[in-house]
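Remarks on the overall topology
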Amino acid sequence: MSRVCEVCGKGRMTGNNMTTRGRAKHLKGVGTKVTGISPRTYEVNLQNVRVTTENGSSKTMRVCTQCLRCGAVTKRVHAKPFKFASLEAAK
């Protein structure tokens with residue numbers, strides 16, 4: 001399984017690790033210096049979520065958290081919400 005969002009296709013990104021040394025100027029130092037740059041990868045925050053599909057069935061998908069927050073997928077409803085009985089039926 002690759003670490004890719006099944007909705008938007010977001011995957012692993014690359015960047016750099018910056019190693020610094022020295023004391024900051026606001027702490028009465030001469031400033032920090034970059035002493036090393038090495039490559040690194042940024043992983044996507046994926047969650048395994050049970051999602052309701054268009055035909056009403058549910059399936060498990062790997063979805064990034066940004067797709068969950070913006071409402072790109074609808075999570076499965078575990079149980080129907082509680083409904084109050086009508087007042088006439090209670091009498």
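Residues numbered from 1 in each chain as written. Predicted model: local features only at pLDDT ≥ 70, side-chain atom pairs only at ≥ 80, totals over all residues. Heavy atoms only, no water.

**Here we look at the overall build of the protein chain**
Each helix and strand in the protein chain was counted, giving two helices and four strands. Taken from N to C terminus, the helices and strands of the protein chain fall in the order β-β-β-β-α-α. In summary, the protein chain has a C-alpha radius of gyration of 25 Å against a globular reference of 12 Å for 91 residues, an excess of more than 25%. Each of the three principal axes of the protein chain carries a C-alpha extent, and together these read 80 × 35 × 15 Å. Out of the 91 residues belonging to the protein chain, those deemed buried represent 14%. (Helix = DSSP H or I, 4+ residues; strand = E, 2+ residues; numbered from the N terminus. Rg over C-alpha atoms; globule rule 2.2 N^0.38 Å. Buried < 20%, exposed > 50% of the residue type's maximum accessible area, 1.4 Å probe, protein only.)

**Describing the pairing of strand β4 (residues 58-64)**
Along a regular strand, successive side chains alternate from one face of the sheet to the other. Of the pairings in the sheet, the one linking strand β3 (residues 46-52) to β4 comprises seven bridges and is antiparallel in character. Within β4, the position partnered with leucine 46 by the bridge is cysteine 64. Remark: five residues form the turn of the hairpin made by β3 and β4, two consecutive strands paired antiparallel; glycine 56 in that turn has positive phi of roughly 100°. (Pairing = 2+ DSSP bridges.)

**Details of the environment of arginine 69**
By the secondary structure assignment, arginine 69 is in helix α1 (residues 65-70). What makes arginine 69 exposed here is its relative accessible area of 77%. Placed 15 residues apart in sequence, arginine 69 and glutamate 54 show a C-alpha to C-alpha distance of 19 Å.

**As for the pattern of salt bridges**
Enumeration according to the criterion identifies two salt bridges in this entry. One salt bridge connects arginine 3 with glutamate 43, and the closest N-O pair in it is separated by 3.4 Å. Residue arginine 3 is located in the segment before β1 (13-21), and its partner glutamate 43 is located in the loop between β2 (33-42) and β3; the two are separated by 40 residues in the primary sequence. Residue glutamate 43 is classed as partly exposed on the basis of its relative accessible area, which comes to 41%. Of the charged contacts, one joins arginine 12 and glutamate 43 as a salt bridge, the two residues approaching to 3.0 Å between their closest N and O atoms. Of this pair, arginine 12 sits in the segment before β1 while glutamate 43 sits in the loop between β2 and β3; the two residues are 31 residues apart in sequence, bridging distant segments of the chain. When its relative accessible area of 54% is taken as the criterion, arginine 12 is described as exposed. One salt-bridge network, held together by shared partners, links Arg3, Arg12 and Glu43. (Salt bridge = Lys/Arg side-chain N within 4 Å of Asp/Glu carboxyl O.)

**Here's the deal with the nonpolar core**
One finds Cys5, Val44, Leu46, Val49, Val51, Met61, Val63, Cys64, Cys67 and Val73 forming the largest nonpolar core, which totals ten residues. Residue assignment for this core shows that the elements contributing at least two residues are β3 and β4. Discounting chain neighbours no more than four positions away, the residues touching cysteine 64 are Cys5, Cys8, Val44, Asn45 and Leu46. (Core = buried A, V, L, I, M, F, W, Y, C linked by side-chain atoms within 4.5 Å. Contact = heavy atoms within 4.5 Å.)

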